[in-house]
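Listed below, chain by chain, are the residues.
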Amino acid sequence: MSQDQFMREAIKLAQLGMQSGHGGPFGCVVVRQGAVIGRGHNRVTSTNDPTAHAEVVAIRDACASLETFQLADCELYTSCEPCPMCLSAIYWARIPTVYYGNTRQDAAAIGFDDDFIYQQVPLAPEKRAIRMSPLLRDEALAGFITWSNKADKVRY
């Protein structure tokens, strides 16, 4: 399949999910060595899961398929520029290449918060729309110290 065909599959999944009442108009495929290994469409409203974006669903599907938590030899095709959460998931999965259809401005034009969240992320915590306050850092650091000293940890 070609890059255009992979993107058309992501767009088709976006339409399918939306028309099935599963969620918003977003679809995604993860591709490895020319084959689709993960598929997803938005399932936020049908699963009551605000993290069930197309990219996250497709990454979970690909990881389950390959039995790994890293997709460093994969590409991701998504019907819309990833929101900050999905972009972070892409980084965590180590996916090196992303192709997208619609832009975050296109998503904002139809009522999605992606662009607003992108604007919030670089702000200092005290300047964000969500109130954020540090609490019990000294106690929380104990877990980090344990992790740092853990001999059998799996790095990711």
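In what follows, the structure referred to is the one given above.
**As for the packing of aromatic side chains**
Point 1. Tallied over the full model, the rule gives five aromatic pairs.
Point 2. When the centroid spacing of 4.9 Å and the interplanar angle of 85° are considered together, the rings of F26 and F112 count as edge-to-face. Of this pair, F26 sits in the loop between α1 (3-19) and β1 (27-32) while F112 sits in the loop between α5 (104-109) and α6 (114-120), placing them 86 residues apart in sequence.
Point 3. For F112, a relative accessible area of 30% translates into the label partly exposed.
Point 4. Ring centres of F69 and Y156 lie 6.4 Å apart, and the angle between their planes is 80°; on these two criteria the pair is classed as edge-to-face. Pair noted here: F69 is in the loop between α3 (54-66) and β3 (74-80) and Y156 is in the segment after α7 (137-149), with a separation of 87 residues, a long-range link.
Point 5. Taking relative accessible area as the criterion, Y156 reaches 61% and is therefore assigned exposed.
Point 6. Over the aromatic face of Y118 sits the side chain of R104, whose NZ or CZ is 3.9 Å from the ring centroid.

**Here we look at the pairing of strand β2 (residues 35-41)**
Point 1. Judged by how many residues are buried, β2 sits mostly within the fold: five of seven residues are covered.
Point 2. Pairing between β1 and β2: six bridges, direction antiparallel. Counted as the bridge partner of V31 is V36 from β2.
Point 3. Counting the residues between successive antiparallel strands, the hairpin from β1 to β2 contains two residues, one of them, Q33, with a positive phi of roughly 50°.

**Concerning the pattern of salt bridges**
Point 1. Counted according to the given criterion, the structure contains six salt bridges.
Point 2. The partner of E9 in a salt bridge is R39, and the shortest N-O contact between them spans 3.2 Å. In this pair, E9 sits in helix α1 while R39 sits in strand β2, placing the two residues 30 residues apart along the sequence.
Point 3. Take E9: its relative accessible area is 13%, and that puts it in the buried class.
Point 4. For R39, a relative accessible area of 39% corresponds to the partly exposed category.

**Structural notes on the nonpolar core**
Point 1. Counting 21 residues, the largest nonpolar core has V30, I59, L71, L76 and I95 as its most contacted members.
Point 2. If you tally residues by element for this core, the top one is α3, at six residues.
Point 3. Among the nonpolar cores identified, the runner-up in size contains eight residues, and F6, M7, V36 and Y77 belong to it.

**A closer look at unusual backbone geometry**
Point 1. Located in the positive-phi region is Q33, a residue other than glycine, with phi close to 50°.
Point 2. When you line up the elements, Q33 lands in the loop between β1 and β2.
Point 3. Given a relative accessible area of 69%, Q33 falls into the exposed group.

Rules of the game
- Residues numbered from 1 in each chain as written.
- Predicted model: local features only at pLDDT ≥ 70, side-chain atom pairs only at ≥ 80, totals over all residues.
- Heavy atoms only, no water.
- Phe/Tyr/Trp six-rings, centres within 6.5 Å; stacked < 30°, edge-to-face > 60°.
- Helix = DSSP H or I, 4+ residues; strand = E, 2+ residues; numbered from the N terminus.
- Buried < 20%, exposed > 50% of the residue type's maximum accessible area, 1.4 Å probe, protein only.
- Lys NZ or Arg CZ within 6 Å of the ring centre and 35° of its normal.
- Pairing = 2+ DSSP bridges.
- Salt bridge = Lys/Arg side-chain N within 4 Å of Asp/Glu carboxyl O.
- Core = buried A, V, L, I, M, F, W, Y, C linked by side-chain atoms within 4.5 Å.

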